[in-house]
2 protein chains.
Amino acid sequence: MHRTFPDWTTFCTSLPQIQAAETRIRSLIIETPTIPFAALGDDIGCSLAFKCENFQHGFAFKARGACNAVFSLTDAEAARGVVTHSSGNHAAALARAAKLRGILAHIVMPENSARIKLAAVRSLGVEPVLCKSTPAAREAMAQDVMRTTGATLIHPFNDARVIAGQGTIALEILRQCPDVETIIVPVGGGGLLAGTLIAVKSLKPSVRIIAAEPEWADDAFRSLQSGQIESVLRTDSIADGLRTPLGSLTFPIIHQLVDEILCVSEAAINEAMQQLGTHAKMIVEPSGAVPLAAVRQHRDRFANQRIVCVVSGGNRDDPTLTV
Amino acid sequence: MHRTFPDWTTFCTSLPQIQAAETRIRSLIIETPTIPFAALGDDIGCSLAFKCENFQHGFAFKARGACNAVFSLTDAEAARGVVTHSSGNHAAALARAAKLRGILAHIVMPENSARIKLAAVRSLGVEPVLCKSTPAAREAMAQDVMRTTGATLIHPFNDARVIAGQGTIALEILRQCPDVETIIVPVGGGGLLAGTLIAVKSLKPSVRIIAAEPEWADDAFRSLQSGQIESVLRTDSIADGLRTPLGSLTFPIIHQLVDEILCVSEAAINEAMQQLGTHAKMIVEPSGAVPLAAVRQHRDRFANQRIVCVVSGGNRDDPTLTV
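Reading guide: rules and limits
Residues numbered from 1 in each chain as written. Chains lettered and ligands numbered in written order. Predicted model: local features only at pLDDT ≥ 70, side-chain atom pairs only at ≥ 80, totals over all residues. Heavy atoms only, no water. Helix = DSSP H or I, 4+ residues; strand = E, 2+ residues; numbered from the N terminus. Rg over C-alpha atoms; globule rule 2.2 N^0.38 Å. Buried < 20%, exposed > 50% of the residue type's maximum accessible area, 1.4 Å probe, protein only. Contact = heavy atoms within 4.5 Å. 1 Å grid on protein atoms, 1.4 Å probe; cavity = no way out; pocket = protein on both sides within 12 Å on 5 of 7 lines; lining within 4 Å. Points joined across faces, edges and corners; volume = space filled by probe spheres on them. Least-squares fit on C-alpha atoms with pLDDT ≥ 70 in both. Axes fitted to C-alpha atoms, helices over the stretch in contact; angles between N-to-C directions. Parallel < 35°, antiparallel > 145°, perpendicular 65-115°, else oblique. Left-handed = near helix turned anticlockwise from the far one by under 90°. Pairing = 2+ DSSP bridges. Buried area = accessible area lost by both parts, 1.4 Å probe. Salt bridge = Lys/Arg side-chain N within 4 Å of Asp/Glu carboxyl O. Polar contact = N/O pair within 3.5 Å; in protein donor to acceptor, adjacent residues only side chain to side chain. Nonpolar A, V, L, I, M, F, W, Y, C, P; charged D, E, K, R; others polar. Arc of directions from axis to C-beta. Right-handed = clockwise from strand over helix to strand, strands pointing away.

**Re the overall build of chain A**
No. 1: Tallying secondary structure elements over chain A gives 13 helices and ten strands in all.
No. 2: Relative to the globule expectation of 20 Å for 323 residues, the C-alpha radius of gyration of chain A, 18 Å, shows essentially globular dimensions.
No. 3: Dimensions along the principal axes, computed over C-alpha positions, put chain A at roughly 55 × 50 × 40 Å.
No. 4: Within chain A, the fraction of its 323 residues that count as buried is 60%.
No. 5: In chain A, once contacts between residues fewer than 6 apart in sequence are set aside, the share between residues at least 24 apart is 74%.

**Observations regarding empty space enclosed by the protein**
Residue and element names in this part refer to chain B.
No. 1: A complete count under the given rule lists two cavities of 30 Å³ or more for this structure.
No. 2: Estimates place the volume of the second largest cavity at around 30 Å³.
No. 3: Around the second largest cavity, the lining residues are Gly 58, Gly 88, Asn 89, Ala 92, Ile 116, Lys 117, Ala 120 and Asn 315.

**Topic: the relation of the copies chain A and chain B**
No. 1: Between the two copies, chain A and chain B, the superposition gives an RMSD of 0.0 Å; the rotation angle is 180° and the shift along the axis is 0.0 Å. Read as a symmetry element, the transformation amounts to a two-fold axis. Of every C-alpha in chain A, the one belonging to Met 282 of chain A sits nearest the axis of rotation, 2.4 Å from it.
No. 2: Both copies present the same face, since 100% of the interface residues in chain A are matched by interface residues at the equivalent positions in chain B.

**So, the packing of helix H2 (residues 62-70) of chain B against helix H7 (residues 160-176) of chain B**
All names here are of chain B.
No. 1: Between H2 and H7, the shortest axis-to-axis distance is 7 Å and the interhelical angle comes to 130°. On the basis of the axis angle, H2 is oblique to H7. Crossing geometry of H2 relative to H7 is assigned as right-handed. For the pair H2 and H7, the contacting residues are Lys 62, Arg 64, Gly 65, Asn 68 and Ala 69 in the first and Arg 161, Val 162, Ala 164, Gly 165, Gln 166, Thr 168, Ile 169 and Glu 172 in the second.

**Concerning the sheet that holds strand E6 (residues 152-153) of chain B**
No. 1: Strand order in the open sheet formed by four strands is E5-E4-E3-E6 (chain B), and the pairing between neighbours is parallel. Only two strands of the sheet have a single neighbouring strand rather than two, namely strand E5 (129-131) and E6 of chain B.

**Focus on the interface of chain A and chain B**
Where the parts come together, the accessible area they lose is often given as the size of the interface.
No. 1: Tallying the contact residues gives 23 residues for chain A and 23 residues for chain B.
No. 2: Buried area between chain A and chain B, summed over both chains or domains, comes out near 2000 Å², and the portion from carbon and sulfur atoms is 71%.
No. 3: Of all residues in chain A, Phe 55, Phe 59 and Lys 281 of chain A give up the largest surface area on contact with chain B, accounting jointly for 33% of the area buried on that side.
No. 4: The interface formed by chain A and chain B holds zero salt bridges in total.
No. 5: Joining chain A to chain B, the criterion identifies four residue pairs in polar contact (both at pLDDT 80 or more).
No. 6: When contributions to the side of chain A that touches chain B are tallied by element, the ones reaching two or more residues are strand E1 (34-36), helix H11 (266-280) and helix H13 (319-322) of chain A.
No. 7: When its residues are assigned to classes, the side of chain A that touches chain B shows 13 nonpolar, nine polar and one charged.

**Topic: helix H5 (residues 115-123) of chain B**
Residue and element names in this part refer to chain B.
No. 1: Listed as buried for H5 are Lys 117, Leu 118 and Val 121. Buried residues of H5 fall within an arc of 100° about the axis and therefore sit on the same side. Opposite the buried face of H5, by more than 90 degrees, sit the exposed residues Arg 115 and Ser 123.
No. 2: If you follow the buried residues of H5, they end up packed against helix H4 (89-101), strand E4 (105-110) and E5.
No. 3: A positive phi of about 85° marks Gly 125, the residue just after H5.

**Here's the deal with the pairing of strand E9 (residues 260-264) of chain B**
Where a strand is regular, its side chains alternate between the two sheet faces.
Residue and element names in this part refer to chain B.
No. 1: The element E9 is largely enclosed, with a buried count of five among its five residues.
No. 2: Neither face of E9 is left uncovered, since the one carrying Glu 260, Leu 262 and Val 264 and the one carrying Ile 261 and Cys 263 both have all their residues buried.
No. 3: The pairing of strand E8 (residues 208-214) with E9 spans five bridges and is classified as parallel. Looking at E9, one finds that Ala 211 is bridged to Ile 261.

**A look at the pairing of E8 of chain B**
All names here are of chain B.
No. 1: Buried residues dominate E8, accounting for six of its seven residues.
No. 2: Of the strand pairs in this sheet, strand E7 (residues 182-186) and E8 are connected by five bridges, and their pairing is parallel. Following the sheet pairing, Thr 182 is matched in E8 by Arg 208.
No. 3: Crossover E7 to E8 through helix H8 (residues 191-203) is right-handed.

What follows is the structure, encoded as structure tokens:
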């Protein structure tokens, strides 16, 4: 399947844009820590650390892309507001970014969104526009809002400004862990993965970037094999943030730059989430546990490596954890 | 009650010893992050960050003092092993430090210790010596082990090497948050508090150090009022790490240097522990939530301040959180 000669000129963003994003959003986001937790890698013989975006504003990396997009708008664009469709963390992140800039946000959310994610948007003063839980219904509703308000669409991942914002995570990882050998990133729509790939393969191409996704949402794995964007065949993975196909902007970057995509079982995701509680004292949402699940399910690949797993978020709709 | 003219020459440790401890233990401990969580202070109007010793080796700050003590021993002393009595986190920390140096550890633990803390010691290859749950029974058993083995006692807090090790937390806080105005530290036996006081009041005396303890274990508060070490009157606070009276080495430091001691209710501790789960995505043990409980129960004192709360540990014996 392998792809030689990546054509960087065709990518929607670049290292300088990621570096500019870092400057733009510095005061709006948290430089989250990368924390080692030896016990989780000892039996595999690898050194494991976690980039903790569950400690980011809104408890997810989405704050980065949303802030970069909203603060990239001209004043005239900003005055007409922003709109997005999102099942969750991007929704709250865009509501927060809009509030920080003092503009309106219209947030289209599927009616079956996690309660904690609906509540997060409401707590920022935005009443979500609910729609049916299909990609087509979301897109249609967002288009409708754009037509009636003139708001700018800030897509959750298929947006160059959003991808550049997410890529700032990778700049921090390379500074925090200069000897990292492998970075593992969860992949849904691919914004986080694409931004990470552009940053790392520009600055330090020897670092391996591995994507991890649920077996039940293995569209990115199949897209890499077929060479085109494949759709998600089922929508019941516990990793609710990853049930999304790649986008036209994220796919070419991922296809040409990623080292490998690994799929993980639902059982492995659940176990990884519990291990992060027991052995890392962190509350992580299912999508955020997928990289650790990949290490543990595919352990033979990871012996003797210095690995950073990106914990993408902590918004877990689980009453046993929050009483 | 206030105390002028602290007599630094009478204290058992000093800033240079804390700095030497930092060098000695650097490769043995984690420099834990200090992470801001705005939501927890917004309604009070303060800026709150948390020094996360729940992410330390053994999930508690005790790794610092134990490593400093064990690696301060001469080879001849080390060869005879170490002994301690502890209800918990110091026990596992000493077992780990001894294992790192390759020497024997004898760990005397009360028979009613938290399961998770007994299991932690066993996982390090040490079978705890169980005793009755009174200070006298613990001391007697530890003396017995010393007599028969020649092992060196590493007291959980009344030990200059342990106090210096715990003080390294404060060096990190001052570097990580150079504009901190108030540091809040839980107080049990006082090792962490005494080390923090020596470091901070030497380097930057304008930073306020506030100690927090349960109302049900308010011995430090009463000791400060009476000017002598008072005993703990009940042993049923949920904050199991703080049910200990001050020691002969920690009391004079605390008495002369601490700015204030605040007591908190059991309800406030429980609520703070839950808030750290919901709004900081962290699993914290009851003792580690006591500083946040102090901010929230005594909120009028903290408006407009930049505060760091020390989260002392994450070993929570709670099946709903680790299932």
